[in-house]
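The primary structure of each chain is shown beneath.
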Amino acid sequence: VCSLACGDVEGKFDVLFNRVRTIQKKSGNFDLLLCVGNFFGSTPDAEWEEYKTGIKKAPIQTYVLGANNQETVKYFQDVDGCELAENITYLGRKGVFTGSSGLQIVYLSGTESLNEPVPGYSFSPKDVISLRTTLWSTSQFKGVDILLTSPWPKYVGNFGNSSGEVDTKKCGSDLISSLATGLKPRYHFAALEKTYYERLPYRNHIILQENAQHATRFIALANVGNPEKKKYLYAFSIVPMKLMDVAELVKQPPDVTENPYRKFVKQASIGKQIPAPEEDSACQFFFDLNEKQGRKRSSTGRDSKSSPHPKQPRKLPQPPGPCWFCLASPEVEKHLVVSIGTHCYLALAKGGLSDDHVLILPIGHYQSVVELSAEVVEEVEQYKATLRRFFKSQGKRCILFERNYKSHHLQLQVIPVPLSRCATDDIKDAFITQAQEQQIELLEIPEHSDIKQIAQPGAAYFYVELDTGEKLFHRIKKNFPLQFGREVLASEAILNIPDKSDWRQCQISKEEEETLARHFRKDFEPFDFTLDD
């Protein structure tokens, strides 16, 4: 089925349909045009009257969503949908439209409302539940071909390419995120933000835990005839899901990412609003490493004296006993700490493979990456990106690994390797070769995947992240060599320092450690985001 999707028309019917005619002359006829966002605008009705009375006619079968504001409710008299003009059909408030080819299109008109009674231009949690339940009740439900909504789904930018000026953590609808998660559309179109955003496709299954499923492509379209010439028409060809071979349907695009909504939508909470990731960061206080007098700064970067009523800190996860890595613990060797954020800190590794071998550690007690809360993950990613930039400026690439086995507190090891030593592929080959030699099954996993979707909390694993974003993963079943990550990086193929494969052989005096930490802090300072005002 050859289709066109369009963003907010806002009453510019002639502009839209003239553009469609031009496209059809060039590319041949399309089967249908799907319009999301505001179909009618606040302009006078003269242009619409010509279509309504048949003086002008849409050149293609056009399907539109309903009102998003009180002003345009008057155009949509029948909540179940109706013909508005020849070749122009209002789909209705919500429902499923199945074309003659078997193409299944789910539509939800309006904007989100959590208030009762729901205005005529809005949808409620009940609407979303009823739509989802209708589809889930069909036997062997796998997903739908197309989802049409006017608002964006909230969080759609997570794990994806940049959504430009639109902040997807604040903009959009929770309910639509929930709907998209449940319905697994192959294409999801939205508008209202007056911009074009084609997100990288995202997967609908948990890798290594669920069978492969088709990917979803989210496309937001701009408003018709916008002066910035942002894309408002999107042409695509789609074979209905029910006619496709399963292997072809579930084929994963090379740029597929993790599901952006997975963290925030629990299927168990059908009908409940999605819990947002915690935006309020705990306002813990730490001594500023750069102030000799030890002035306190808040984790938000403000001085404690600037706020007479600091926010109450959120209670951090506590260890069951003494822990060498919980920052509040007396056991921590604080002279090795080189940067402190809100949820994580950076420390030089004791007995490091090099003078700038560092660890990213959570401030609270978390055993592994899998157990981290959303805001801690966000800061871990920030540290990772910052360290990559820092080491790149020094002519090095950094390799990260985590061993969640016989360890109590997450230690994300970050080891720089000079670019002159070897290529990323050589490092990858060294890990795979040495793993095979030791009968360790090291799987390559998609670079946009989230370890949380592969390993359950409490599961033992070893994980490597290369500077290209490529990832290698091993699920530990019985035994695992504790120094495996170090051994590979210390080997002749990479750093060529085999005598340093055991950290205990690399220990130096506290005075030497303090000197190294001081030098690292000084070099890292221009890159350290925790020092920004």
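Everything discussed here concerns the structure shown above.
These numbers come from a predicted model, not from an experiment.

Quick notes on the rules
Throughout this document, residue positions are counted from 1 along each chain, in the order its sequence is written. Local features in this predicted model are restricted to residues of pLDDT 70 or higher, and side-chain atom pairs are both shown and tallied only at a pLDDT of 80 or more, whereas totals for entire chains, interfaces and linings draw on every residue. Water and hydrogen atoms play no part in the side-chain values, which are based on all heavy atoms of the structure. Counting from the N terminus, the helices are DSSP H or I runs at least four residues long and the strands are E runs at least two residues long. Residue burial is assigned from relative accessible area. The probe radius is 1.4 Å, only protein chains are included, and a residue is buried under 20% of its type maximum, exposed over 50%, and partly exposed in between. We get accessible surface area from the Shrake-Rupley algorithm with a probe of 1.4 Å; when it comes to residues, only the shown protein chains can shield them. Pairing between two strands requires that DSSP report at least two bridges joining them. Angles here are taken between N-to-C directions and fall from 0 to 180 degrees, while the axes themselves are lines fitted to C-alpha atoms, restricted in helices to the stretch in contact. Should an angle fall under 35 degrees it is called roughly parallel, over 145 degrees roughly antiparallel, and 65 to 115 degrees roughly perpendicular, with every other angle called oblique. In what follows, residue pairs with any heavy atoms lying within 4.5 Å of each other are defined as contacts. When residue character is reported, Ala, Val, Leu, Ile, Met, Phe, Trp, Tyr, Cys and Pro are called nonpolar, Asp, Glu, Lys and Arg charged, and the others, Gly included, polar. For the purposes of this section, nonpolar cores are sets of buried Ala, Val, Leu, Ile, Met, Phe, Trp, Tyr and Cys residues that join through side-chain atoms within 4.5 Å.

## Some thoughts on the overall build of the protein chain
Helix and strand content of the protein chain: nine helices and 25 strands. Burial status across the protein chain gives 52% buried among its 533 residues. When the accessible area of the protein chain is evaluated, it comes to approximately 25,000 Å², of which 49% is carbon and sulfur surface.

## Quick word on the pairing of strand β6 (residues 94-98)
Here β6 runs beside strand β7 (residues 104-108); their pairing, made up of five bridges, is antiparallel. Bridge pairing in β7 links V96 to V106. Counted between consecutive antiparallel strands, the loop separating β6 from β7 contains five residues, among which G102 sits at a positive phi close to 100°.

## Some remarks on the packing of helix α3 (residues 125-136) against helix α4 (residues 174-183)
Interhelical geometry of α3 versus α4 gives an angle of 5° and a closest axis separation of 10 Å. It follows that α3 is roughly parallel to α4 by the angle criterion. Contacts between α3 and α4 involve P125, V128, L131, R132, L135 and W136 from the first element and L175, S178, L179, G182 and L183 from the second. Here the contact of α3 with α4 is built from residues that sort into eight nonpolar, two polar and one charged.

## A look at the nonpolar core
Of all hydrophobic cores here, the largest spans 35 residues; its most connected members are L346, L387 and F520. Counting residues per element, the ones that place at least two in this core are β19 (344-348), β20 (358-362), α6 (374-393), β21 (396-404), β22 (412-418), β24 (461-465) and α9 (510-524). With seven residues, the top contributor of residues to this core is α6. Setting aside residues no more than four positions away along its own chain, F520 makes contact with V338, L346, L348, D356, V358, L387, F390 and F391. In this structure, F17, C35, Y51 and A67 belong to the second largest nonpolar core, which totals 29 residues.

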